[in-house]
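# Structural overview for review
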Amino acid sequence: LVEQFEKDPSLQERFTPKIYKNGDEVKTYFEVYSVFVKRSQRATSSAKIEQNVIFINLNQQISLLEESKTSKMLIARMIAKKEHPRVLSRINEINEKYFGNLTISGVRIKNNSSNWGSCSMYGNINISTKTLFAPAFVQDYIFVHELSHRLEMNHSAKYWKIVEQVMPGYKQAEKWIKLHGKECDF
């Protein structure tokens, strides 16, 4: 394991806990956010966002590893809160233009790393916060991908035909995800 870290410095960066300092920036594709961290004796940690400034209030007793996890979770929540209207608007725009206004029960942005998005049989669309760090055409692909599941709840040939009809160049987005997806983090 140590040899792999020495061979590939990007692994060290990916797996070393990030400790945010005042003035650090988090850059999504469309926005840049400044982070300010305060430590206090409050029992819980919290965050708020004002314009593009994320204020994090951390319990001073937590470990560095817990601080890293908590900060990341709070930053993800604040970015999701700020960018949700844009994501919802774009999903609705694609839905209206290409799908004829399929029923969508809700759109949520979640901090998960296992997938880029999901769609339930009830019409709930979940978008991973990492999607917000990808270029616009990749975000559109994720949105099309999930909207297509409103018609086909699988990855059958019929499903992929729907995706391709809406977005003929979708394989470019998939290629981008394979090459750069691991960079969509903060």
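This section reports on the structure supplied with the text. (Residues numbered from 1 in each chain as written. Predicted model: local features only at pLDDT ≥ 70, side-chain atom pairs only at ≥ 80, totals over all residues. Heavy atoms only, no water.)

Right, let's talk about the sheet that holds strand E6 (residues 117-119) for a bit. The strand order E5-E7-E6 describes an open sheet built from three strands, whose pairing is mixed. Only two strands of the sheet have a single neighbouring strand rather than two, namely strand E5 (106-110) and E6. Ignoring strand direction, the axes of neighbouring strands in this sheet form an average angle of 15°. Across five bridges, the pairing between E5 and strand E7 (residues 124-128) is parallel. Each bridged residue has a counterpart across the sheet, and for Val107 the counterpart in E7 is Ile125. Its contacts with the sheet place helix H3 (residues 64-99) against E5 and E7, and it is angled at close to 140° to E5. (Pairing = 2+ DSSP bridges. Helix = DSSP H or I, 4+ residues; strand = E, 2+ residues; numbered from the N terminus. Axes fitted to C-alpha atoms, helices over the stretch in contact; angles between N-to-C directions. Contact = heavy atoms within 4.5 Å.)

This paragraph deals with the packing of aromatic side chains. How two aromatic rings sit relative to each other is given by the distance of their centres and the angle of their planes. With the rule as written, the count across this model stands at six aromatic pairs. Measuring from ring centre to ring centre gives 6.0 Å for Tyr141 and Tyr170, while their planes differ by 15°; the resulting arrangement is stacked. Here the residue Tyr141 occupies a position in helix H4 (residues 136-148), and Tyr170 occupies one in helix H6 (residues 170-180), the gap between them amounting to 29 residues. Here Tyr141 and Tyr170 have matching classes, each one buried. Seen in terms of ring centroids, Tyr159 and Trp160 are 4.9 Å apart; in terms of plane orientation they differ by 80°. Their pairing is edge-to-face. For Tyr159, a relative accessible area of 0% gives the class buried. Judged by relative accessible area, which is 22%, Trp160 ranks as partly exposed. Three or more aromatic residues joined by ring pairs make a cluster, and in this case those are Tyr141, Tyr159, Trp160 and Tyr170. (Phe/Tyr/Trp six-rings, centres within 6.5 Å; stacked < 30°, edge-to-face > 60°. Buried < 20%, exposed > 50% of the residue type's maximum accessible area, 1.4 Å probe, protein only.)

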